[in-house]
Amino acid sequence: MNDEQSKNERHKKAMEKQKAKVDSRIEAASTERGVAIVLTGNGKGKSSSAFGMVMRALGYGHKVGVVQFIKGEQLSGEELYIKNQCPQVDLYQMGTGFTWNTQDRSGDIREAEKTWAVASKMLADDSYDLVVLDELTYMIAYKYLDEQMVLDAIANRPVEQSVVVTGRGGGSALQELVDTVSEVKDIKHAFKSGIKARKGVDY
Ligand code: ATP
Ligand code: MG
């Protein structure tokens, strides 16, 4: 056996071992139900990942609800796309701009509660396969919404429904409750080297 052949042989063995591991994990995962996911961390990619799941779900004709708890002043591509191309997606956006821009705490709380009313209705409706609660974590962090109320609604949602929560922070109770938590780590961001937020990439 020459060098190349033995490399190939080793690679084949390693792959067989890896496949056996993955197969046994697939076999062990026997529970069929919707999943609750938190996408958090300081890096870029939380909301765009959630909208990637919206696209996946729509590919299967699933029913999707999206609630955005912080609406930027800027229109976003996902907002335009859903409004113009996906009339089947129920989209609700909180009426205020960035929370740190509005200095009206009680007005923000009223808006947060109004927005939560829409979200909690979706979380109680088993016709939704996927519910995205974009930037919800800030409502918990600012105490605009009662944490326990949010946790209960997520915990008591229909068995087949999946929910995705995005935003930094959000607290350990939420992370404990859900099935999957991913933290997007900020290694570097274009903004910090003076590059303007880019249409179709950042918004
Ligand atoms: P995206 O919507 O791009 O997935 P995100 O949801 O992870 O980002 P947010 O905190 O919601 O992040 O901020 C949204 C906007 O802020 C986007 O324009 C994004 O590019 C930008 N942003 C995200 N992370 C950072 C960062 N670490 N530094 C500077 N800007 C950031
Ligand atoms: Mg976001």
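> Tell me about the coordination of the magnesium ion (ligand 2), and please be specific about residues and values.
Coordination of the magnesium ion (ligand 2) by the protein is provided by S47 (OG) and E135 (OE), with metal-donor distances spanning 2.1 Å. With S47 in helix α2 (residues 46-59) and E135 in the loop between β4 (130-134) and α5 (136-141), this pair connects stretches of sequence that are 88 residues apart. As far as the burial class goes, S47 and E135 line up, both buried.

> Tell me about the packing of aromatic side chains, and name the residues and values.
Inspection of the entire model under this criterion finds two aromatic pairs. With 6.4 Å between their ring centres and 40 degrees between their planes, Y138 and Y142 make a pair best called tilted. By relative accessible area, Y138 is classed as buried at 13%. Accessibility expressed as a relative area gives 32% for Y142, which makes it partly exposed.

> Quick one: what's the story with the sheet that holds strand β6 (residues 180-183), residue by residue and with numbers?
Read across the open sheet, the six strands follow the order β3-β2-β4-β5-β1-β6; overall the sheet is parallel. Two strands in the sheet have a free side with no partner beyond their single neighbour: β3 (90-93) and β6. Taking each pair of neighbouring strands and ignoring which way they run, the sheet shows an average axis angle of 10 degrees. Note that strand β1 (residues 36-40) and β6 share four bridges and pair parallel. Of the residues in β6, the one forming a bridge with V38 is V181. Along the sheet face, helix α3 (residues 77-85) touches β2 (64-68) and β3 and points at about 135 degrees away from the line of β3.

What counts and how
- Residues numbered from 1 in each chain as written.
- Chains lettered and ligands numbered in written order.
- Predicted model: local features only at pLDDT ≥ 70, side-chain atom pairs only at ≥ 80, totals over all residues.
- Heavy atoms only, no water.
- Donors = N, O, S within 2.8 Å, 3.2 Å for Na, K, Ca; no water.
- Helix = DSSP H or I, 4+ residues; strand = E, 2+ residues; numbered from the N terminus.
- Buried < 20%, exposed > 50% of the residue type's maximum accessible area, 1.4 Å probe, protein only.
- Phe/Tyr/Trp six-rings, centres within 6.5 Å; stacked < 30°, edge-to-face > 60°.
- Pairing = 2+ DSSP bridges.
- Axes fitted to C-alpha atoms, helices over the stretch in contact; angles between N-to-C directions.
- Contact = heavy atoms within 4.5 Å.

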